[in-house]
Amino acid sequence: MQGLNSLESYGIGTTPIHLAKALCPIGQLYVKLEYVNVTGSIKARTAHYIVSDLIQRKKIKPGMTIVESTSGNLGIALALFGREIGVSVVCLVDQTIPPRKIQRLRDAQAEVRLVELSVHPDFRTARLVEACRLGKLADWIWPNQYGNEAGMFAHEETTGSEIWEALLGNVDCVVGTLGTGGTLCGIARALKKRKPSVRIVAVEPCGSTIFGGIPSTYLSVGAGLPEASPLLHRHGYLIDSFAKVSDVLAIQTCHTLARLEQLYVGITSGAAIAVATQLAASDPEQIVVAIAPDGAENYEDILHGEFTGGEGVFDVSEVHDATEWHRILRPQESAT
Ligand SMILES: Cc1ncc(COP(=O)(O)O)c(C=O)c1O
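The following refers to the structure shown.

The rules we used
- Residues numbered from 1 in each chain as written.
- Predicted model: local features only at pLDDT ≥ 70, side-chain atom pairs only at ≥ 80, totals over all residues.
- Heavy atoms only, no water.
- Near = heavy atom within 4 Å.
- Polar contact = N/O pair within 3.5 Å; in protein donor to acceptor, adjacent residues only side chain to side chain.
- Areas by Shrake-Rupley, 256 points an atom, 1.4 Å probe, with all protein chains shown as cover.
- Nonpolar A, V, L, I, M, F, W, Y, C, P; charged D, E, K, R; others polar.
- Domains from an automatic or database assignment.
- Disulfide = S-S within 2.5 Å.
- Buried < 20%, exposed > 50% of the residue type's maximum accessible area, 1.4 Å probe, protein only.
- Helix = DSSP H or I, 4+ residues; strand = E, 2+ residues; numbered from the N terminus.
- Contact = heavy atoms within 4.5 Å.
- Pairing = 2+ DSSP bridges.
- Axes fitted to C-alpha atoms, helices over the stretch in contact; angles between N-to-C directions.
- Parallel < 35°, antiparallel > 145°, perpendicular 65-115°, else oblique.
- Left-handed = near helix turned anticlockwise from the far one by under 90°.
- Salt bridge = Lys/Arg side-chain N within 4 Å of Asp/Glu carboxyl O.
- Core = buried A, V, L, I, M, F, W, Y, C linked by side-chain atoms within 4.5 Å.

1. Notes on the site of the ligand
Then, number 1: Among the 16 residues in the neighbourhood of the ligand, the closest are listed as Gly179, Thr180, Gly181, Thr183 and Thr268.
Then, number 2: Here Gly179 contributes a backbone N or O atom positioned 2.7 Å from an oxygen atom of the ligand.
Then, number 3: Between an oxygen atom of the ligand and a main-chain N or O atom of Gly181, the distance comes to 2.8 Å.
Then, number 4: Surface burial for the ligand is 97%, taken as the share of its 380 Å² of free accessible area covered by protein chains.
Then, number 5: When the residues that make up the shell around the ligand are grouped by side-chain class, the tally is four nonpolar, 10 polar and two charged.
Then, number 6: Taken domain by domain, the makeup of the shell around the ligand includes at least three residues from each of domain 1 (7-41 + 158-326) and domain 2 (43-141).

Put into structure tokens, the structure is as follows:
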């Protein structure tokens, strides 16, 4: 089977890196705008690498079905490439996914299956158990984005390298939200091998417990997990610091960015930018890059819902050292 065409030919990669001077006048803050990728998110890169890897390893052929647990963005992108190679895509989602993303999955001709909590402790576990079951059926395959090295390599080879080249190596710190961890760990590997002092700051929504804490629900779809993914167990040592950001702060930051920079980003982007702004403002010598994985259009209902703001409640979260967290990682955990 022939491989996929180049990233560029689909309109993926070489995304803009925007100097956010109005948002952070005293610091050097850049925002990497991933919503300009085809399919509207950073996950276009991930899906391209995951499908290319399956083709290269002869794990997939026309007529087969890819099943994946997704909060939308990866599923939308997998559907694009699945269609191209004659493979069906089944996306396991849960009720936390915004309706607009379900619509986009259907537009992309993915089959959407809504999982129920039933006996499972959380939605992610429910999605994974079902993905694992379906992935064992004849002619079905589950790439498992939570443990897929090809997905992480996408960001080492493309996203991280693009940041380095765009800023001519003048980068000190990168801030991004974590889901699988593939985006941030891939970027970290690309940058640290060129400049070991680059600091990587991971952000999770309050309520997500990758870095511990008390679990609760949150609106930042795409980021956050009950615990570290297999990718994070293997590569989490690349993360230097972490912060937790409330939905309120993330959403408020999206509104501020729209007002000051005319950039319309998704909620997880708002979370990363909130922390990145704090870091850039606290040390104007540092060049800080925030990753914006997708745009605002998928979250209009949330962004323009009840969280419209008010001064004083949007505390900036503290940034913690991740060394203690490294001790709980289990790097030997198998790939998928
Ligand atoms: C909007 C959004 N933000 C952040 C992430 C986290 O990316 P990763 O899974 O690479 O950690 C995702 C992942 O799907 C996402 O969709």
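There's more to say after this.
2. Points about the state of the cysteines
Then, number 1: All chains considered together, the criterion is met by zero disulfides.
Then, number 2: Free cysteine Cys185: the closest other cysteine sulfur is in Cys173, separated by 15 Å.
Then, number 3: On the basis of relative accessible area, Cys185 is assigned to the buried category, the value being 1%.

3. As for the environment of Ile267
Then, number 1: Within the fold, Ile267 resides in helix H10 (residues 267-282).
Then, number 2: Given the relative accessible area of 1%, Ile267 is considered buried.
Then, number 3: Separated by 29 residues in the primary sequence, Ile267 and Ala296 have C-alpha atoms spaced 7.4 Å apart.
Then, number 4: Sequence-distant contacts of Ile267, that is, excluding residues within four places in its chain, are made with Leu219, Ser220, Ala250, Ile251, Cys254, Tyr299, Ile302 and Leu303.

4. Some thoughts on the sheet that holds strand E11 (residues 319-321)
Then, number 1: What the seven strands build is an open sheet, ordered E1-E2-E10-E7-E8-E9-E11; its pairing is mixed. The strands lining the two open edges of the sheet, one partner per strand, are strand E1 (17-19) and E11. Across the sheet, the mean angle separating the axes of adjacent strands is 25° when strand polarity is ignored.
Then, number 2: As judged from the five bridges shared by strand E7 (residues 173-177) and strand E8 (residues 199-205), these two strands associate in the parallel manner. Along E8, the bridge assignment pairs Val175 with Val201.

5. Some thoughts on the packing of helix H6 (residues 149-166) against helix H7 (residues 182-194)
Then, number 1: The geometry of H6 relative to H7 is characterised by a closest axis approach of 7 Å and an angle of 55° between their N-to-C directions. The orientation of H6 relative to H7 falls into the category oblique. Seen along the crossing, H6 lies across H7 with a hand that is right-handed. Within the contact between the two elements, H6 uses Met152, His155, Glu156, Thr159, Gly160, Ser161, Ile163 and Trp164 and H7 uses Gly182, Thr183, Cys185, Gly186, Ile187, Arg189, Ala190, Leu191, Lys193 and Arg194.
Then, number 2: Looking at the contact of H6 with H7 residue by residue, the class counts come to seven nonpolar, seven polar and four charged.

6. Some remarks on the pattern of salt bridges
Then, number 1: Scanning the model with the defined rule gives 18 salt bridges in all.
Then, number 2: When the shortest N-O distance is used, the salt bridge between Glu162 and Arg45 registers 2.8 Å. Here the residue Glu162 occupies a position in helix H6, and Arg45 occupies one in helix H2 (residues 43-56), the gap between them amounting to 117 residues. This pair shows no difference in class: Glu162 is buried, exactly as Arg45 is.
Then, number 3: In this structure, Glu111 engages Arg113 in a salt bridge whose closest nitrogen and oxygen atoms are separated by 2.7 Å.
Then, number 4: A residue is classified by how much of its surface remains accessible, and Glu111, at 38% relative accessible area, is partly exposed.
Then, number 5: On the basis of relative accessibility, which here comes to 29%, the residue Arg113 falls in the partly exposed class.
Then, number 6: Where salt bridges share partners, they join Lys32, Glu34, Arg45 and Glu162 into one cluster.

7. Points about the nonpolar core
Then, number 1: Counting residues in each nonpolar core, the largest one holds 42 residues, and the members touching the most others are Val174, Ile239 and Trp325.
Then, number 2: Tallying contributions element by element places H7 first for this core, with five residues.
Then, number 3: Looking at which domains feed residues into this core, each of domain 1 (7-41 + 158-326) and domain 2 (43-141) gives three or more.
Then, number 4: Setting aside anything within four residues of it in sequence, one finds Ile239 in contact with Leu178, Cys185, Ile200, Ala202, Leu232, Ala322, Trp325 and His326.
Then, number 5: In this structure, Leu23, Val31, Leu249 and Ile273 belong to the second largest nonpolar core, which totals 36 residues.

8. Let's talk about unusual backbone geometry
Then, number 1: The phi torsion at Lys58 lies on the positive side, around 55°, for a residue other than glycine.
Then, number 2: The residue Lys58 is located in the loop between H2 and strand E3 (65-69) in this model.
Then, number 3: For Lys58, a relative accessible area of 74% corresponds to the exposed category.
Then, number 4: Residues other than glycine seldom take positive phi values, yet Asp139 does so here, at roughly 65°.
Then, number 5: Locating Asp139 in the fold gives a position in the loop between helix H5 (123-135) and strand E6 (140-141).
Then, number 6: The exposure class of Asp139 is partly exposed, given its relative accessible area of 44%.

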